[in-house]
Amino acid sequence: MNTKGINAWYGKAYNDYPVEYTQLFDTFTSKKQYEEDVGISSFGLAQTKGEGAPISYDSERQAFITRYSHIVYALGFIITREIYEDDQYDIVGQRKAQGLARSMRQTKEIVGANVYNRAFNTSYLGGDGSTLLAGGAGGSASHANFAGGTWTNTPSVAVDLSEAALEQAFLDIAGFTDDRGLIIKTLPKTLVIPRWLTFEAERILKTDGRVGTDNNDLNAIKTMGIIPSFTVNHFLTDQDAWFIRTDIQNGMKYFERRADAFDMDEDFDTENAKYKATARYSFGWTDPRCIYASAGA
């Protein structure tokens, strides 16, 4: 059975849809069954030293371990020999190939977005034993430092997206510390929102004056470039939850173990042609300082 053209149809359909998960995660490749990120608890503050007294020594320690286990996702379809013989191959084959590409594409989008959708869900914990977003309603009470103490990456009270909320988020992010309590330079990078907050984000980030007031004040968020950009993800499910990705490295990660692969084979007994698409990947997070968010009021 001649099956020329199926691969071209699959690729064409795949490119018809914009990729959104790349705005939520940094992309890496993998050649192993799983990937592990190992945290390091570094040094604390320097200690005072009296005359003739010995120096205090500190040491690094291995901290939390985060594992990314790659999962295979697959789907296929069948074209019978009769469909090919009756000259329906071009119509049926193209439709099925494009449908398969769309299914594979949206599966990846949903799997990635679910890391955000489940960010407050205590059934989904990270390497430190806490939810991705800790300190807010519904999630873990806080993140633990391996060296002791706790910290949060949510506002003390869940709030809706607003000018005031983003200003407070900037101040909270600027106060992030490392595992030993030392201040680290952390800046907001991208505001991630569901489609329902599109217009609110546009007004807050791009209006020259303060939003919703009669005061002739500058919009500090815009003039200072506090939030450089925002992205709308159509696979986020909470209508008022909003997220800020920071510039922390080793944060939100997508590992591609096997890119989308399309293949076919013929069944000897039925004379059917079978087509399949497979991919192997994982989504997750390592350092939760990479994100700050609120579940909305």
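Above: the structure in question.
J.: Requested: an account of helix H5 (residues 198-206), with residues and values cited.
T.: The set of residues buried in H5 consists of Ala201, Ile204 and Leu205. Along the axis of H5, the buried residues cluster in a sector spanning 85 degrees; they form a single face. Each element contacted by the buried residues of H5 is listed here: helix H4 (163-174), strand S7 (188-193), helix H6 (220-223) and strand S8 (230-232).

J.: An account of the nonpolar core is requested, with residue identities and associated values reported.
T.: One finds Tyr116, Leu161, Leu166, Leu191, Trp242 and Phe243 to be the most contacted residues of the largest nonpolar core, which totals 57 residues. With 7 residues, the top contributor of residues to this core is strand S11 (residues 273-285). Here Tyr116 is in contact with Leu24, Phe25, Val192, Leu236, Phe243, Arg245, Met252 and Ile291, once residues within four sequence places are set aside.

J.: Report on the sheet that holds S7, specifying residues and quantitative values.
T.: The strand order across the open sheet formed by 4 strands is S8-S7-S9-S12, and the pairing between neighbours is mixed. Each end of this open sheet is capped by a strand with a single partner; those strands are S8 and strand S12 (291-294). Averaged over neighbouring strand pairs, the angle between their axes works out to 20 degrees when direction is ignored. Of the pairings in the sheet, the one linking S7 to S8 comprises 3 bridges and is parallel in character. Bridging from a neighbouring strand, Ile193 pairs with Val232 of S8. Contacting S7, strand S9 (242-246) and S12, H4 runs over the sheet at an angle of about 35 degrees to S9. Those strands touched by H5 are S7 and S8, and its axis lies near 170 degrees from that of S8.

J.: I'd love a proper account of the sheet that holds strand S10 (residues 252-266), names of residues and values included.
T.: A sheet is described by the order of its strands in space; here 4 strands give the open sequence S1-S10-S11-S4, paired in mixed fashion. What marks the edges here is a single partner per strand, and that holds for strand S1 (26-29) and strand S4 (71-79). Each strand axis lies, on average, 30 degrees off the axis of its neighbour in the sheet, ignoring direction. Both S10 and S11 contribute to a ladder of 12 bridges, which runs antiparallel. Looking at S11, one finds that Tyr254 is bridged to Phe283.

J.: Break down the pairing of S10 for me, citing the residues and quoting the values.
T.: In this structure, S1 lies alongside S10, joined through 4 bridges in parallel fashion. Pairing of Asp26 across the sheet is with Lys253, part of S10. Following S10, the chain reverses through 6 residues before pairing antiparallel with S11; Glu271 in that reversal takes a positive phi of roughly 65 degrees.

J.: I'd love a proper account of the side chain of Asn272, names of residues and values included.
T.: Of note, Asn272 is situated in the loop between S10 and S11. Take Asn272: its relative accessible area is 16%, and that puts it in the buried class.

J.: Give a detailed account of the pattern of salt bridges, specifying residues and quantitative values.
T.: Applying the stated criterion across every chain yields a total of 13 salt bridges. For the salt bridge of Asp26 with Arg245, the shortest nitrogen-to-oxygen distance reads 3.3 Å. Highlighted residues: Asp26 in strand S1 and Arg245 in strand S9, separated in sequence by 219 residues. Of the charged contacts in the structure, one is a salt bridge between Lys253 and Asp37, with a shortest N-O distance of 2.6 Å. With Lys253 in strand S10 and Asp37 in strand S2 (residues 34-41), this residue pair connects regions lying 216 residues apart in the sequence.

Calculation notes
Residues numbered from 1 in each chain as written. Predicted model: local features only at pLDDT ≥ 70, side-chain atom pairs only at ≥ 80, totals over all residues. Heavy atoms only, no water. Buried < 20%, exposed > 50% of the residue type's maximum accessible area, 1.4 Å probe, protein only. Helix = DSSP H or I, 4+ residues; strand = E, 2+ residues; numbered from the N terminus. Arc of directions from axis to C-beta. Contact = heavy atoms within 4.5 Å. Core = buried A, V, L, I, M, F, W, Y, C linked by side-chain atoms within 4.5 Å. Pairing = 2+ DSSP bridges. Axes fitted to C-alpha atoms, helices over the stretch in contact; angles between N-to-C directions. Salt bridge = Lys/Arg side-chain N within 4 Å of Asp/Glu carboxyl O.

Remember that the coordinates give geometry; whether it matters functionally is a separate question.
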